[in-house]
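Here is how the chains run, residue by residue.
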Amino acid sequence: MHAYQHCINPLCGATFDVADVLTSCPDCGNLLDIDYDWDKLPVPKSMRDFEARWSNRRNPLDVSGVWRFRDLLPFARDEDIVTIGEGQTILQRSEAVGRYVGMNTAASTGGLYLQYEGLNPSGSFKDNGMTAASTHAHMVGAKMAACASTGNTSASLAIYASTKQLFKVVVFVGSGKIAYGKLSQALDYNAQTLQVLGDFDDALNRVREVSGECGIYLCNSVNPFRLEGQKTIMYRVLESLNWEVPDWIVVPGGNLGNSSSFGKAFGELMRLGLIDRIPRLAVINAAGANTLYQLVEERNVAWNAGQPDDDIIDTFYADMDRDNRKASTLASAIEINRPVNLKKCLRAIELCDGIVRDVTDQEMLDAKAQVGAGGFGCEPASAASVAGAKKLRAEGIIAPSDRVVCILTGHQLKDPDATVAYHSGDKALFEAKLGTRGVETAAYANSPTVVENNLQKIIEALKA
Ligand SMILES: *Cc1c(COP(=O)(O)O)cnc(C)c1O
Ligand SMILES: [Zn+2]
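Residues numbered from 1 in each chain as written. Chains lettered and ligands numbered in written order. Predicted model: local features only at pLDDT ≥ 70, side-chain atom pairs only at ≥ 80, totals over all residues. Heavy atoms only, no water.

Caption draft 1: Main features of the overall build of the protein. Looking only at helices and strands, one finds 16 helices and 13 strands in the protein. For 464 residues, the compact-globule formula gives about 23 Å, and the C-alpha radius of gyration of the protein, at 22 Å, lands near that figure. By its C-alpha atoms, the protein is 75 × 50 × 50 Å across when sized along the principal axes. In the protein, which comprises 464 residues, the proportion classed as buried is 58%. Carbon and sulfur atoms form 48% of the exposed surface of the protein, whose accessible area is close to 18,700 Å². (Helix = DSSP H or I, 4+ residues; strand = E, 2+ residues; numbered from the N terminus. Rg over C-alpha atoms; globule rule 2.2 N^0.38 Å. Buried < 20%, exposed > 50% of the residue type's maximum accessible area, 1.4 Å probe, protein only. Areas by Shrake-Rupley, 256 points an atom, 1.4 Å probe, with all protein chains shown as cover.)

Caption draft 2: Spotlight on the coordination of the zinc ion (ligand 2). Coordination of the zinc ion (ligand 2) by the protein comes from Cys 7 (SG), Cys 12 (SG), Cys 25 (SG) and Cys 28 (SG), over a distance range of 2.3 Å. For the zinc ion (ligand 2), the four donor atoms are set out with angles of 94 to 115° between them, so the coordination reads as tetrahedral. Between consecutive donor residues of the zinc ion (ligand 2), the sequence gaps follow C-x4-C-x12-C-x2-C. With Cys 12 in the loop between strand S1 (3–7) and strand S2 (15–17) and Cys 28 in the loop between S2 and strand S3 (32–36), this residue pair connects regions lying 16 residues apart in the sequence. (Donors = N, O, S within 2.8 Å, 3.2 Å for Na, K, Ca; no water. Tetrahedral: all angles 85-135°; square planar, octahedral: opposite > 155°, others 65-115°.)

Caption draft 3: Up close: the sheet that holds strand S9 (residues 217–218). Pairing is parallel across the open sheet formed by four strands, whose spatial order is S8-S7-S6-S9. Looking at which strands have only one partner, the edges of the open sheet turn out to be strand S8 (192–196) and S9. Pairing between strand S7 (residues 168–174) and S8: five bridges, direction parallel. The residue of S8 that forms the bridge with Val 173 is Gln 195. In the packing of helix H4 (residues 152–164) onto the sheet, the strands contacted are strand S6 (144–149) and S7, and the crossing angle to S6 comes to about 160°. Here helix H6 (residues 200–214) sits on the sheet and contacts S6, S7, S8 and S9; the angle it forms with S6, its principal contact strand, is near 160°. (Pairing = 2+ DSSP bridges. Contact = heavy atoms within 4.5 Å. Axes fitted to C-alpha atoms, helices over the stretch in contact; angles between N-to-C directions.)

Caption draft 4: Quick look at the site of ligand 1. By nearness alone, 17 residues border ligand 1, and Lys 126, Asn 152, Gly 254, Asn 255 and Thr 409 come closest of all. Between ligand 1 and Asn 255 there is a distance of 2.8 Å, counted from an oxygen atom to a backbone nitrogen or oxygen. Taking Thr 409, its side chain carries an N or O atom lying 2.8 Å from a nitrogen atom of ligand 1. Contact with the protein chains covers 96% of the free accessible surface of ligand 1, which is 380 Å². (Near = heavy atom within 4 Å. Polar contact = N/O pair within 3.5 Å; in protein donor to acceptor, adjacent residues only side chain to side chain.)

Caption draft 5: Main features of the pattern of salt bridges. Across all of its chains, the model carries 30 salt bridges by this definition. Between Arg 68 and Glu 239 there is a salt bridge, with the nearest N and O atoms lying 2.5 Å from each other. A residue pair is termed long-range when its members are at least 10 positions apart, and Arg 68 in the loop between helix H1 (60–63) and strand S4 (90–93) and Glu 239 in helix H7 (residues 224–240) qualify at 171 residues. Note that Asp 353 is salt-bridged to Arg 280, the shortest N-O span being 3.3 Å. Of this pair, Asp 353 sits in the loop between helix H11 (342–351) and strand S12 (355–359) while Arg 280 sits in strand S11 (residues 280–286); the two residues are 73 residues apart in sequence, bridging distant segments of the chain. Residue Asp 353 is classed as partly exposed on the basis of its relative accessible area, which comes to 45%. Under the relative-accessibility criterion, Arg 280 is labelled partly exposed at 26%. (Salt bridge = Lys/Arg side-chain N within 4 Å of Asp/Glu carboxyl O.)

Caption draft 6: Layout of the nonpolar core. Among the nonpolar cores identified, the biggest contains 61 residues, and Met 234, Ile 249, Phe 262 and Leu 292 are the most heavily contacted of them. Once residues lying within four places of it in the same chain are set aside, the contact partners of Leu 292 are Leu 256, Val 283, Asn 285, Glu 297, Leu 342, Cys 345, Ile 349 and Val 356. Trp 38, Ala 76, Val 82 and Val 169 belong to the second largest nonpolar core, which has 35 residues in total. (Core = buried A, V, L, I, M, F, W, Y, C linked by side-chain atoms within 4.5 Å.)

Caption draft 7: Looking closely at the packing of helix H8 (residues 257–271) against H11. It is at 8 Å that the axes of H8 and H11 come closest, and there the two elements cross at 45°. Taken as axis vectors, H8 and H11 run oblique relative to one another. As for how H8 packs across H11, the hand of that crossing is left-handed. Along its contact with H8, which presents Ser 259, Ser 260, Gly 263, Phe 266 and Gly 267, the element H11 presents Lys 344, Cys 345, Ala 348 and Leu 351. For the contact of H8 with H11, the per-class residue count stands at four nonpolar, four polar and one charged. (Parallel < 35°, antiparallel > 145°, perpendicular 65-115°, else oblique. Left-handed = near helix turned anticlockwise from the far one by under 90°. Nonpolar A, V, L, I, M, F, W, Y, C, P; charged D, E, K, R; others polar.)

Caption draft 8: View of a nonpolar patch on the surface. A contiguous nonpolar surface patch, about 240 Å² in accessible area, is contributed by Ile 90, Leu 119 and Phe 376. Looking at the secondary structure, you find Leu 119 in the loop between strand S5 (111–116) and helix H3 (126–139). (Patch = residues over 30% accessible without salt bridge, like charges linked within 9 Å, V, L, I, M, F, W, Y side chains within 5 Å.)

Caption draft 9: Inspection of the sheet that holds S5 at higher detail. Pairing in this open sheet of six strands is mixed, and the strands run S4-S5-S13-S10-S11-S12 from one edge to the other. With partners counted over all chains shown, the strands left at the sheet margins are S4 and S12, one partner each. Adjacent strand axes in the sheet meet at a mean angle of 25° when their direction is disregarded. Note that strand S10 (residues 248–252) and strand S13 (residues 403–408) share three bridges and pair parallel. Each residue of the ladder has a partner; that of Val 250, found in S13, is Cys 406. Running at roughly 135° to S12, helix H9 (residues 291–298) makes contact with S11 and S12 of the sheet.

Caption draft 10: Here's a closer look at the pairing of S5. In terms of residue burial, S5 counts as a mostly covered element, since six of its six residues are buried. With burial as the criterion, each face of S5 is covered, one bearing Gly 111, Tyr 113 and Gln 115 and the other bearing Leu 112, Leu 114 and Tyr 116. Bridging between S4 and S5 involves four bridges; their strand directions are antiparallel. Bridge pairing links Arg 93 to Tyr 113 in S5.

Caption draft 11: The arrangement of the packing of H9 against H11 in detail. The contact between H9 and H11 brings their axes to 12 Å, and the two run at 45°. By the angle class used here, H9 and H11 are oblique. As for the relative orientation of H9 and H11, their crossing is right-handed in sense. Together, Leu 292, Leu 295 and Val 296 of H9 and Leu 342, Cys 345, Leu 346 and Ile 349 of H11 make up the contact between the two elements. For the contact of H9 with H11, the per-class residue count stands at seven nonpolar, no polar and no charged.

Caption draft 12: Structural detail: the packing of aromatic side chains. This model, assessed by the stated rule, comprises eight aromatic pairs. In this structure an aromatic cluster arises from ring pairing among Phe 50, Phe 69 and Tyr 235. Over the aromatic face of Tyr 317 sits the side chain of Arg 338, whose NZ or CZ is 4.6 Å from the ring centroid. (Phe/Tyr/Trp six-rings, centres within 6.5 Å; stacked < 30°, edge-to-face > 60°. Lys NZ or Arg CZ within 6 Å of the ring centre and 35° of its normal.)

This is the structure in structure tokens:
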């Protein structure tokens, strides 16, 4: 195997075998990458070479939108790979959403594209990473795997465990703030589900302790193998664009696994000579959970050759704790105080000339309604990408003729309460299910019309 684990801190640079189970560098505590001796590996000459696999519907590794690209994440033997057909997702150009964002929809090459990662088996992009983490868990013979989750990570881990029966799963969720679509999946896929009386960050701290203590395989995005799988989202975007590099990738930012893996993907493709330029990356926080925005845009924290200013970061978190500030947004998938992949994301931002913005719940839910009206729909957190693109267009940072790809991270059905509350204007539903943070105005609400059970009245309602 020409794959190894590699500390991201260049001053440390420690390396470890891929058979080791680690979620941070034992020497210095930083995050780990999976890296490869590329010159000893068979690397394709062109991304187009992967197209030869499209026709092979009998090999599950070629059907998978992750493992079709296995030469670019070569850490496992084919026979160890755990796949359930993830990554069969699509990119579509949307005129309607493009107009909403403010793109010049007549431009022949530009426009707004939506990458529907909700089409994965468990309904979110998390499956791209979980197939890789499950593969590693299988490689090391794990009997039990665990994660803390705002919902989608647990749904994803649970579906791999139920489908493959290779290991048991325990998921830790915070109390209260989990969308029912997601919780229902963990329960239905028969994962042991612990509702920790605390928020996501509490649940993550506990699962890290418990995993260390009990030798349970940890599947949060501190797991470097997950991020290897998530790189393939970018390969599929390029594939859908006939291997042309777009101008912008816009992605919601929670624990920052996606944004980190996208940067790694583009860095490797450049190094291997498989692309000739790198798109700009926009990471979009919720305004109620905007740690990355605060650090990068307000306090100028940067990767800085692997030595970001820890004092600024530590002070930011200390102030957060002192003031008892807690992340608060109805986009529960990105309601995160301390994003675990912060440093990797800083690296991605530097590589991709990246930028960070935050958007309000109002902006997200309005954008979500527009995605629903002009496409397949998405969950609230996913719409941060579209709301963020709109903001960057309004600021003139995204040009009207640019080619912009927004990642829609989760399926529309994940969080029906938020959708129904928005469209029906039901403040009580917002309060009961989502805390007290409804939206002021639902500008794109498509409210149901109540009508008497009477033919004439129904015909009148149709005309209205
Ligand atoms: C996990 C998740 C996110 C956040 O992704 P990160 O990689 O943690 O930044 C965004 N949207 C949805 C739907 C998610 O499930
Ligand atoms: Zn280290």
